[in-house]
Amino acid sequence: MRKKQGKNLKIIVSEGVGFCSGVKRAIKIALAAAGRSSSGVYSLGPLIHNPQVVERLREVGITPLDRFGKGGGEIVVRSHGASPAVLKRAGDKGYKIIDATCPFVRKAQRNAQRLHRRGYRVVIVGEKTHPEVKGIRSHVGNKAVVVESADQVKHLKFGLKVGIIAQTTIPGDMFAGVVGEISKRAREVLVFNTICSETARRQERASVLAGRVDVLLVVGGRNSANTSRLKSLCRSICPKTYHVETSDEMEGRWFGKGSTVGVVAGASTPKWLVENIVDTLKEF
Ligand code: SF4
């Protein structure tokens, strides 16, 4: 128990915290598979970008796998999806694939393929190194260009036809900026806005809350791209925004007496971690 500091904080938790539907679905699929198997199952990389949850899943027989061994077994494809080449390699090594790709990500993969087949130069707006983006790109034979900002577009040459899609968790204004810039440079532009509606709502609620509070806490894995984006978005509105994974990372000096503290969380952050944060805030 922390020594009470008498800060009397006013705590506001954003509506809709907890796993998004894609993460809930992936966990449900993996738990069902682990329950059926006597030896447990693997996930293709950490099932979600939250170390605390991945540890709990490991305890119930869901083990993240970085490389394929010789033993085979069942392997769950996480909500980010995977490339056809990786899936083939898993199959060749004797693994049975259980696909938990989020339907929003699947839609982005299909739209990229449709654009590619119709002769458009595919542009993915998102993070080059993110597994979801790598997966989408691989669905068009790694021929898509990935851009992270409208500025990057200024240095690129495009053909006549450009097809644009979004990583599912990027901010809407980042996507709009790139679309606007490409529209100045290509003759024909076809846009699929594949930003997931849940992410858009989460970002919207977080920015409204950031405007109402003295301090904002963004709860989630440091390896979670959507949590890091929430942090940047909120910090641009509320300079006293802090990213925490667990409640023991919070410091009393962040909060003034009687401060209003907002709490938001990434799509891969479970409700129980947010509840821990709130309980600890009440102790300050
Ligand atoms: S954030 Fe959206 S796209 Fe990503 S897993 Fe969740 S529901 Fe699916």
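Look above for the structure.
Fair warning: this is a prediction, and the values are worked out from it, not measured in the lab.

Caption draft 1: Up close: the site of the ligand. Neighbouring residues of the ligand: Cys-20, Ser-21, Gly-22, Ser-79, Cys-102, Phe-104, Thr-168, Thr-169, Cys-196 and Thr-199. Class assignment of the residues belonging to the shell around the ligand gives a composition of 4 nonpolar, 6 polar and no charged. Residues from two domains meet in the shell around the ligand; each of domain 2 (21-102) and domain 3 (104-195) gives at least three.

Caption draft 2: Quick look at the sheet that holds strand E2 (residues 41-44). With parallel pairing, 4 strands are arranged side by side in an open sheet as E3-E2-E4-E5. Strands with a single pairing partner mark the edges of an open sheet, and in this sheet they are strand E3 (62-65) and strand E5 (95-99). Between one strand axis and the next, the sheet turns through 35 degrees on average, direction left out of account. Bridge count for E2 against E3 is 4 bridges, and the pairing is parallel. If you follow Tyr-42 over to E3, its bridge partner there is Thr-63. Along the sheet, helix H1 (residues 21-36) contacts E2, E3, strand E4 (73-77) and E5; its crossing angle with E5, the most-contacted strand, is approximately 145 degrees. Each of E2, E4 and E5 is contacted by helix H3 (residues 84-92), which is oriented at about 140 degrees to E5, the strand it contacts most.

Caption draft 3: Inspection of the sheet that holds strand E1 (residues 10-13) at higher detail. Taking strand neighbours across the sheet as the criterion, the 4 strands line up as E1-E12-E10-E11 in an open arrangement whose pairing is parallel. Taken across any chain shown, the strands that pair with only one partner, and hence form the sheet edges, are E1 and strand E11 (241-244). Taken over all neighbouring pairs, the strand axes of this sheet differ in orientation by 25 degrees on average, direction set aside. Direction of pairing for E1 relative to strand E12 (residues 260-265): parallel, over a ladder of 4 bridges. Residue pairing across strands places Val-13 opposite Val-263, the latter belonging to E12. Helix H8 (residues 197-210) rests against E1, strand E10 (215-219) and E12 of the sheet, and its axis sits at about 170 degrees to E12.

Caption draft 4: Examining the pattern of salt bridges more closely. Taken as a whole and judged by the stated rule, the model has 11 salt bridges. Taking the shortest distance from any N to any O, the salt bridge between Arg-205 and Glu-15 comes out at 3.8 Å. With a gap of 190 residues between them, Arg-205 in helix H8 and Glu-15 in the loop between E1 and H1 connect regions that are remote in the sequence. A relative accessible area of 59% means that Glu-15 is categorised as exposed. Linking Asp-151 and Lys-154 is a salt bridge whose minimum nitrogen-to-oxygen distance equals 3.1 Å. With relative accessibility at 43%, the residue Lys-154 sits in the partly exposed group. Members of the salt-bridge network, linked through shared partners, are Glu-181, Lys-184 and Arg-185.

Caption draft 5: Looking closely at the pairing of strand E9 (residues 188-192). In this structure, strand E8 (residues 161-166) lies alongside E9, joined through 5 bridges in parallel fashion. Looking across to E9, one finds that Gly-163 is bridged to Leu-190. Handedness of the crossover joining E8 and E9 through helix H7 (residues 172-183) is recorded here as right-handed.

Caption draft 6: Just H1, in detail. Taking 1.5 Å per residue as the helical rise, H1 with its 16 residues ought to reach 22 Å, and the 23 Å between its terminal C-alpha atoms agrees with that figure. Buried within H1 are the following residues: Gly-22, Val-23, Ala-26, Ile-27, Ala-30, Ala-33 and Ala-34. Projected onto a plane normal to the axis of H1, the buried residues spread over an arc of 130 degrees and lie on a single side. Exposed side chains of H1 directed beyond 90 degrees from the buried face belong to Lys-24, Lys-28, Gly-35 and Arg-36. Looking at the buried side of H1, the elements it contacts are E2, helix H2 (51-59), E3, E4 and E5.

Caption draft 7: Layout of the side chain of Glu-181. Within the secondary structure, Glu-181 is located in helix H7. A distance of 3.1 Å separates a polar atom in the side chain of Glu-181 from a polar atom in the side chain of Arg-185. Setting aside residues up to four positions removed in sequence, Glu-181 forms contacts with Ala-150, Val-153 and Lys-154.

Parameters and conventions
Residues numbered from 1 in each chain as written. Predicted model: local features only at pLDDT ≥ 70, side-chain atom pairs only at ≥ 80, totals over all residues. Heavy atoms only, no water. Near = heavy atom within 4 Å. Nonpolar A, V, L, I, M, F, W, Y, C, P; charged D, E, K, R; others polar. Domains from an automatic or database assignment. Pairing = 2+ DSSP bridges. Helix = DSSP H or I, 4+ residues; strand = E, 2+ residues; numbered from the N terminus. Axes fitted to C-alpha atoms, helices over the stretch in contact; angles between N-to-C directions. Contact = heavy atoms within 4.5 Å. Salt bridge = Lys/Arg side-chain N within 4 Å of Asp/Glu carboxyl O. Buried < 20%, exposed > 50% of the residue type's maximum accessible area, 1.4 Å probe, protein only. Right-handed = clockwise from strand over helix to strand, strands pointing away. Expected span 1.5 Å × (residues − 1). Arc of directions from axis to C-beta. Polar contact = N/O pair within 3.5 Å; in protein donor to acceptor, adjacent residues only side chain to side chain.

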